[in-house]
Amino acid sequence: EAGVVQSPRYKIIEKKQPVAFWCNPISGHNTLYWYLQNLGQGPELLIRYENEEAVDDSQLPKDRFSAERLKGVDSTLKIQPAELGDSAVYLCASSPGTSGGASTDTQYFGPGTRLTVL
Amino acid sequence: GNSVTQMEGPVTLSEEAFLTINCTYTATGYPSLFWYVQYPGEGLQLLLKATKADDKGSNKGFEATYRKETTSFHLEKGSVQVSDSAVYFCALSYNDYKLSFGAGTTVTVRA
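Notes on the structure in this doc start here. (Residues numbered from 1 in each chain as written. Chains lettered and ligands numbered in written order. Predicted model: local features only at pLDDT ≥ 70, side-chain atom pairs only at ≥ 80, totals over all residues. Heavy atoms only, no water.)

Topic: the pairing of strand S4 (residues 23–26) of chain B
Residues and elements named next belong to chain B. Of the two faces of S4, the one holding Cys23 and Tyr25 is buried and the one holding Thr24 and Thr26 is not buried anywhere. As paired elements, strand S1 (residues 3–6) and S4 share 4 bridges and run antiparallel to each other. The residue of S4 that forms the bridge with Val4 is Tyr25. (Buried < 20%, exposed > 50% of the residue type's maximum accessible area, 1.4 Å probe, protein only. Helix = DSSP H or I, 4+ residues; strand = E, 2+ residues; numbered from the N terminus. Pairing = 2+ DSSP bridges.)

Re the side chain of A:Arg69
Residues and elements named next belong to chain A. Structurally, the position occupied by Arg69 is in the loop between strand S7 (65–68) and strand S8 (75–79). Glu50 is the oppositely charged side chain nearest to the buried, salt-bridge-free Arg69, at an N-O distance of 6.6 Å. A polar contact is formed between the side chain of Arg69 and the backbone oxygen of His29, at a distance of 3.2 Å. Reaching out from Arg69, the side chain makes a polar contact with the backbone oxygen of Asn51 at a distance of 2.9 Å. If we ignore the near neighbours within four places in the chain, the residues touching Arg69 are Pro25, His29, Asn30, Thr31, Leu32, Tyr49, Glu50, Asn51, Glu52, Asp74 and Ser75. (Lys, Arg positive; Asp, Glu negative; His and termini not counted. Salt bridge = Lys/Arg side-chain N within 4 Å of Asp/Glu carboxyl O. Polar contact = N/O pair within 3.5 Å; in protein donor to acceptor, adjacent residues only side chain to side chain. Contact = heavy atoms within 4.5 Å.)

Concerning the sheet that holds strand S8 (residues 62–65) of chain B
Residue and element names in this part refer to chain B. Read from one edge of the open sheet, 4 strands run S3-S9-S8-S7, paired in antiparallel fashion. Edge strands, defined here as strands with exactly one partner in the open sheet, are strand S3 (19–21) and strand S7 (56–59). Within the sheet, the average angular offset between the axes of one strand and its neighbour, ignoring direction, is 15°. (Axes fitted to C-alpha atoms, helices over the stretch in contact; angles between N-to-C directions.)

A few points about unusual backbone geometry
Residue and element names in this part refer to chain A. Residue Pro8 follows Ser7 across a cis peptide bond; omega there is -10°. Assignment of secondary structure puts Pro8 in the loop between strand S1 (5–7) and strand S2 (10–13). A cis amide bond links Gln80 with the next residue in sequence, Pro81, at an omega value of -5°. Following the sequence through the fold, Pro81 ends up in the loop between S8 and strand S9 (88–95). The phi dihedral of Lys16 falls on the positive side, at around 80°, and the residue is not glycine. As for its placement among the helices and strands, Lys16 is situated in the loop between S2 and strand S3 (19–24). Residue Lys16 is classed as exposed on the basis of its relative accessible area, which comes to 63%. Not every positive phi belongs to a glycine, and Lys71 is a case in point at roughly 65°. By secondary structure assignment, the location of Lys71 is in the loop between S7 and S8. For Lys71, a relative accessible area of 81% translates into the label exposed.

Section: the packing of aromatic side chains
As enumerated under the stated definition, the model contains 12 aromatic pairs over all chains in all. Between A:Phe21 and A:Tyr90, the ring centres sit 4.8 Å apart and the planes meet at 25°, which makes this aromatic pair stacked. Linking A:Phe21 in strand S3 with A:Tyr90 in strand S9, this pair joins segments that are 69 residues apart in sequence. Ring-pair connections join several aromatic residues into one group, and the members of that group are A:Tyr33, A:Tyr35, A:Phe109, B:Phe34, B:Tyr36, B:Phe89 and B:Phe101. (Phe/Tyr/Trp six-rings, centres within 6.5 Å; stacked < 30°, edge-to-face > 60°.)

Re the state of the cysteines
Residues and elements named next belong to chain B. Within the structure shown, the criterion is met by 2 disulfides over all chains. Each sulfur in the disulfide pair Cys23 and Cys90 lies 1.9 Å from the other. Between Cys23 and Cys90, the S-S torsion sits near -70°, and that sign places the bridge as left-handed. Of this pair, Cys23 sits in strand S4 while Cys90 sits in strand S10 (residues 86–93), and the two are 67 residues apart along the sequence. The class for Cys23 is buried, based on a relative accessible area of 1%. (Disulfide = S-S within 2.5 Å.)

Side note on the nonpolar core
Among soluble globular proteins, nonpolar side chains are generally buried collectively. The biggest cluster of nonpolar side chains holds 26 residues, and the ones touching the most others in it are B:Trp35, B:Leu75 and B:Tyr88. Taken together, the elements giving at least two residues each to this core come down to strand S2 (11–14), S3, S4, strand S5 (32–38), strand S6 (44–50), S8, S10 and strand S12 (105–110) of chain B. A per-element tally of this core places S10(B) first, with 4 residues. If sequence neighbours within four positions are ignored, B:Leu75 has contacts with B:Leu19, B:Thr20, B:Ile21, B:Trp35, B:Leu47, B:Leu48, B:Phe62, B:Glu63, B:Ala64 and B:Tyr88. Membership of the second largest hydrophobic core comes to 22 residues, among which are A:Val19, A:Phe21, A:Ile26 and A:Leu36. (Core = buried A, V, L, I, M, F, W, Y, C linked by side-chain atoms within 4.5 Å.)

In short, geometric facts, not functional conclusions.
If you want it as structure tokens, here you go:
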């Protein structure tokens, strides 16, 4: 079974430029997450999708960040314009959405996109 | 809010040594607890999990027991190998699907 796929793996841009990250979750997984991981820290949730609906975007900086999950499969996370402080690893994860409840649902992570803003 | 505190690193060990990484949590109810591992150049992988008190998660020689009385989920391995060198993250999940991670502990095993 293929895992979560993300692209690109690395991205270097100048500040104020736009950037987009793409994620393809594990087949059949209805729930998709975007996390931000700063250097030396654990990941922090940005947004969670149930199918095509963003059900938790409370941590997404909406002035510059946006995300979409058209058709409830692939997802794109965009930053426009990028700032120096956005340099980090952006992780995508997916989970099947088990009947056992939210807390027991295992999340599977992609390799991440490492963004460097110059 | 719900949070996890894990032992700061880095931790450096010799092969075959015993490894413990401490993790304690704060939660309003009974969360599920996880250990994720990040090998160099790779993404986060689930190592083990426990979903209720006194459960023991185990995988690849690693174990962790969900202790409600001490709000802990310490990770242990009896004999580490060089291939266990990685960053280990403790995490919890409650009713909102969000994983709350600790800061990570970098473990280096020397031959």
